[in-house]
Amino acid sequence: MDTKKIATRDAFGEEIIAQGLANPNIYVIDADIGKSCKTTNFMKQLPEQHLNVGIAEQSAVAVAAGLATTGKIPFVVTYAVFGSLRACEVMRQEACYPNLNVKIACSHGGVTPANDGASHQAIEDMGVYRTIPNMTVIMPADYYSAKKLVAEVANTYGPTYIRFTRDAIPVIYDEDTEFEIGKAKMIQDGKDVAIIANGDTVRLAIEAAKVLADEGISTRVLDMHTIKPLDEEAVTAAVNDIGKIITVEDHNILNGLGSAVCEVTAELGKGIVKRVGIQDQFGESAPYERLLAKNGITVEDIVNHAKSMQ
Amino acid sequence: MKNTDVSELKKIANELRQSVIKMVYQAQSGHPGGSLSAAEIVTALYFREMNIDPQNPKWEDRDRFVLSKGHACPIQYAALAKRGYFDESELSTLRKEGSILQGHPDMKKTPGIDISTGSLGLGFPSATGMAIAAKRDGKDYRVFVVLGDGECQEGIVWEGAQVANKYQLDNLVIFVDNNNLQIDGTCDEVMPNIDLGKKFAAFGFEVYEINGNDMEQVVDVLDRIAEKRDSGKPKCIFADTVKGQGVSYMENQCDWHGKAPNTELYEQAMRELGGTL
Ligand SMILES: Cc1ncc(C[n+]2csc(CCOP(=O)(O)OP(=O)(O)O)c2C)c(N)n1
Ligand SMILES: [Mg+2]
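In this text, all values refer to a predicted model and were calculated from it rather than measured experimentally. (Residues numbered from 1 in each chain as written. Chains lettered and ligands numbered in written order. Predicted model: local features only at pLDDT ≥ 70, side-chain atom pairs only at ≥ 80, totals over all residues. Heavy atoms only, no water.)

## What about the site of ligand 1?
Okay, so step 1: Neighbouring ligand 1 are 23 residues, the closest being E57 of chain A together with K69, H71, D149 and K243 of chain B.
Okay, so step 2: In this structure, ligand 1 is bordered by residues of chains A and B.
Okay, so step 3: Take H71 of chain B: an N or O atom from its side chain is 2.7 Å from an oxygen atom of ligand 1.
Okay, so step 4: Separating a nitrogen atom of ligand 1 from a backbone N or O atom of G118 of chain B is a distance of 2.9 Å.
Okay, so step 5: Within the complex, the protein chains bury 99% of what would otherwise be the 590 Å² of accessible surface of ligand 1.
Okay, so step 6: For the shell around ligand 1, the per-class residue count stands at 5 nonpolar, 10 polar and 8 charged. (Near = heavy atom within 4 Å. Polar contact = N/O pair within 3.5 Å; in protein donor to acceptor, adjacent residues only side chain to side chain. Areas by Shrake-Rupley, 256 points an atom, 1.4 Å probe, with all protein chains shown as cover. Nonpolar A, V, L, I, M, F, W, Y, C, P; charged D, E, K, R; others polar.)

## Let's talk about the pattern of salt bridges
All names here are of chain A.
Okay, so step 1: Scanning all chains against the criterion turns up 34 salt bridges over all chains.
Okay, so step 2: Measuring nitrogen to oxygen at the nearest pair gives 3.9 Å for the salt bridge that ties K38 to D10. Remark: D10 occurs in helix α1 (residues 8-22) and K38 occurs in the loop between α2 (34-37) and α3 (40-45); sequence separation between them is 28 residues.
Okay, so step 3: By relative accessible area, K38 is classed as partly exposed at 32%. (Salt bridge = Lys/Arg side-chain N within 4 Å of Asp/Glu carboxyl O. Helix = DSSP H or I, 4+ residues; strand = E, 2+ residues; numbered from the N terminus. Buried < 20%, exposed > 50% of the residue type's maximum accessible area, 1.4 Å probe, protein only.)

## So, unusual backbone geometry
Okay, so step 1: In this structure, the amide linkage connecting K228 of chain A to the following residue, P229 of chain A, adopts the cis form with an omega of -5 degrees.
Okay, so step 2: Mapped onto the secondary structure, P229 of chain A falls in the loop between β12 (226-228) and α10 (232-241).
Okay, so step 3: In the Ramachandran plot, Q168 of chain B falls in the positive-phi region, its phi being about 50 degrees despite a non-glycine side chain.
Okay, so step 4: Residue Q168 of chain B is classed as partly exposed on the basis of its relative accessible area of 48%.
Okay, so step 5: Within the chain, D195 of chain B stands out as a residue other than glycine whose phi angle is a positive 45 degrees.
Okay, so step 6: You can call D195 of chain B partly exposed: its relative accessible area is 47%.

## Description of the nonpolar core
Okay, so step 1: Residues F75, M91, Y129 and Y161 of chain A are the most contacted members of the largest nonpolar core, which totals 108 residues.
Okay, so step 2: Each of domain 1 (5-170) and domain 2 (185-308) of chain A accounts for three or more of the residues forming this core.
Okay, so step 3: Apart from residues lying up to four places away in sequence, Y129 of chain A is in contact with G83, S84, A87, C88, M91, I104, M135, V137 and Y161 of chain A.
Okay, so step 4: If you look at the next biggest cluster of nonpolar residues, it comprises 60 residues, including V24, V146, M215 and I225 of chain B. (Core = buried A, V, L, I, M, F, W, Y, C linked by side-chain atoms within 4.5 Å. Domains from an automatic or database assignment. Contact = heavy atoms within 4.5 Å.)

## A short note on the interface of chain A and chain B
Okay, so step 1: Across the boundary between the two partners, chain A contributes 24 residues, which contact 27 residues of chain B.
Okay, so step 2: Between chain A and chain B, roughly 2000 Å² of surface is buried when both sides are summed, and carbon and sulfur atoms account for 41% of that area.
Okay, so step 3: For the chain A face of the interface with chain B, the top three residues by lost area are K35, I55 and R86 of chain A, together amounting to 31%.
Okay, so step 4: The interface formed by chain A and chain B contains 5 salt bridges.
Okay, so step 5: Here R95 of chain B ties to D116 of chain A by a salt bridge, and the two come within 2.9 Å at their closest N and O atoms. (Buried area = accessible area lost by both parts, 1.4 Å probe.)

## Looking at the side chain of N193 of chain B
Residue and element names in this part refer to chain B.
Okay, so step 1: Summarising the element assignment, N193 is placed in the loop between α7 (187-190) and α8 (196-202).
Okay, so step 2: At 3.0 Å, the side chain of N193 forms a polar contact with the backbone oxygen of D149.
Okay, so step 3: Non-local contacts of N193, meaning those with residues more than four positions away in its chain, are made with D149, G150, Q153, C187 and K199.

## Some thoughts on the coordination of the magnesium ion (ligand 2)
All names here are of chain B.
Okay, so step 1: Binding of the magnesium ion (ligand 2) to the protein goes through D149 (OD), N179 (OD1) and L181 (O), at separations of 2.1 to 2.2 Å.
Okay, so step 2: Within one chain, the residues donating to the magnesium ion (ligand 2) are spaced in sequence as D-x29-N-x1-L. One end of the pair, D149, is in the loop between β2 (143-148) and α6 (155-166); the other, L181, is in the loop between β3 (172-178) and α7, with 32 residues separating them in the sequence. Considered together, D149 and L181 belong to a single accessibility category, that of buried residues. (Donors = N, O, S within 2.8 Å, 3.2 Å for Na, K, Ca; no water.)

## Thoughts on the packing of aromatic side chains
Okay, so step 1: Applying the stated criterion to the full structure yields 13 aromatic pairs over all chains.
Okay, so step 2: A centroid spacing of 5.4 Å and a plane angle of 70 degrees characterise the contact between F200 of chain B and F205 of chain B, whose relative ring orientation is edge-to-face.
Okay, so step 3: A relative accessible area of 0% places F200 of chain B in the buried class.
Okay, so step 4: Judged by relative accessible area, F205 of chain B falls into the buried class, the value being 4%.
Okay, so step 5: With a centroid separation of 5.2 Å and 65 degrees between ring planes, the pair formed by Y249 of chain B and W256 of chain B is classed as edge-to-face.
Okay, so step 6: Assessed through its relative accessible area of 16%, Y249 of chain B is described here as buried.
Okay, so step 7: Linked through ring pairs, F124, W158, F200, F203 and F205 of chain B together constitute an aromatic cluster.
Okay, so step 8: Taking NZ or CZ as reference, K185 of chain A lies 5.0 Å from the ring centre of F179 of chain A, over its face.
Okay, so step 9: Directly above the aromatic system of Y141 of chain B lies the positively charged group of R64 of chain B, at a separation of 4.1 Å from the ring centroid. (Phe/Tyr/Trp six-rings, centres within 6.5 Å; stacked < 30°, edge-to-face > 60°. Lys NZ or Arg CZ within 6 Å of the ring centre and 35° of its normal.)

Quick look at the structure:
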């Protein structure tokens, strides 16, 4: 594994320019945090495809919906907490209900806005959007997969939420690994436990699998970058092949990846799932790794769960 | 505590500025620009105007203070510490794990914070609820709010304004910190705030225009407003300010919205403010 670290918001900033250059219908709608969400270069290079509506996230999504009715592909860009919660009803009514091609692309997913405190940490965003019909909900695990998935989002019709990290996270994949929306990426196969993770926690799943290997436990690691539509086939296979699943996410354990996986396993009527994620509690100002640790989102915790399942 | 000596208030504002710089430097994160632009406003409120009791932060009859532009909390924390709500040594814990001083105001962790803020646009409409409660409960406390000019682009600000008008909240005083800067540029560039003062007037506010970094003017306008206590109208003090005021390299610089100085720049800022390192 490459030990290089890059924030996935940087991947977005780069890839959205490539997409904008390739397709004049790609628009970026900023809401006064373009600098932080890495769209400044897009604005400079493609000013005709760029808008900044000010500190007004609801307006941003409504404007995007209008643009989408004319065939444009607008990306509303803000922080995850505002792009999901402040803008939510506008997205539901004006984009999801009419099934318009509006994208919301957010930095500061999960607890990565660590020292800003709870007001800026987005722990409910993916769950909220997962509940709305027609939505696609994604969190890439590293720089390269973020670029690939941004390209996929730009070229796949439908309302979509994609979130990125503020902080730099390890690069996991090669530049030419391919990703498909709704299709889990198997990072390694194994037979004793399956760890299904997404976003910035995939790196923890990989680390945990290494530790477990040393202890003779063989682990299947899945990067479930898309929580909706969920790759039910991959979950079903994990249940049938292994039956013991740990989900890991930088999101509330309610209604995110863990919940989505549980829905599938419950309906299959077999398999056990341990959800690792934010313990349905607000965060605080603290270093990012500490916030994860306070919620039991660490390599050690994952390893312990895996062992106790054997 | 009614401090009427303007030169004393100016001195305090300068001390609070030093605290802001030191705090943000020690945290190596936080928002200096918008904290400095509001220094005179916050000082005049905490050290002269507001009827508050630092020993009893939850006193029911206290005046309320809502920092709707919550990212500027370092200036409020500095004022609260100096007024004795908590020990000044807490300031060095800003944004650190376990601190009572969160990255954005948290009413459950910090004595003296009347409501949690940080998501722009929401503090002001919540303040109208506090002002309505005062009227319904027959209490004569007032509610003071500080809004950013960029913040006024949020639609909910105007939903708050219409509530203030309908319920004749003459006990509500809002300051607009009109520094013409937000994050991606000047307000004029990002989203022109055409005639912001007139907009509040159109929403039924009595509007007073001042230079918000001139302590004489801040004190004077608060005196004038106090006389109009029962006018039946909410008050808007439209305060022209300089973002980063008091630290030369931060003044009017967008880049100093949410960034901490390095050691060299920290020392320069403290020298300019006449502080000790
Ligand atoms: C709802 C919401 N959207 C975006 C942000 C990110 N943000 C923090 S401060 C800021 C700019 C604020 O500008 P202004 O209100 O003018 O404050 P000041 O210039 O006094 O710092 C933005 C966009 C936020 N905190 N809340
Ligand atoms: Mg401003």
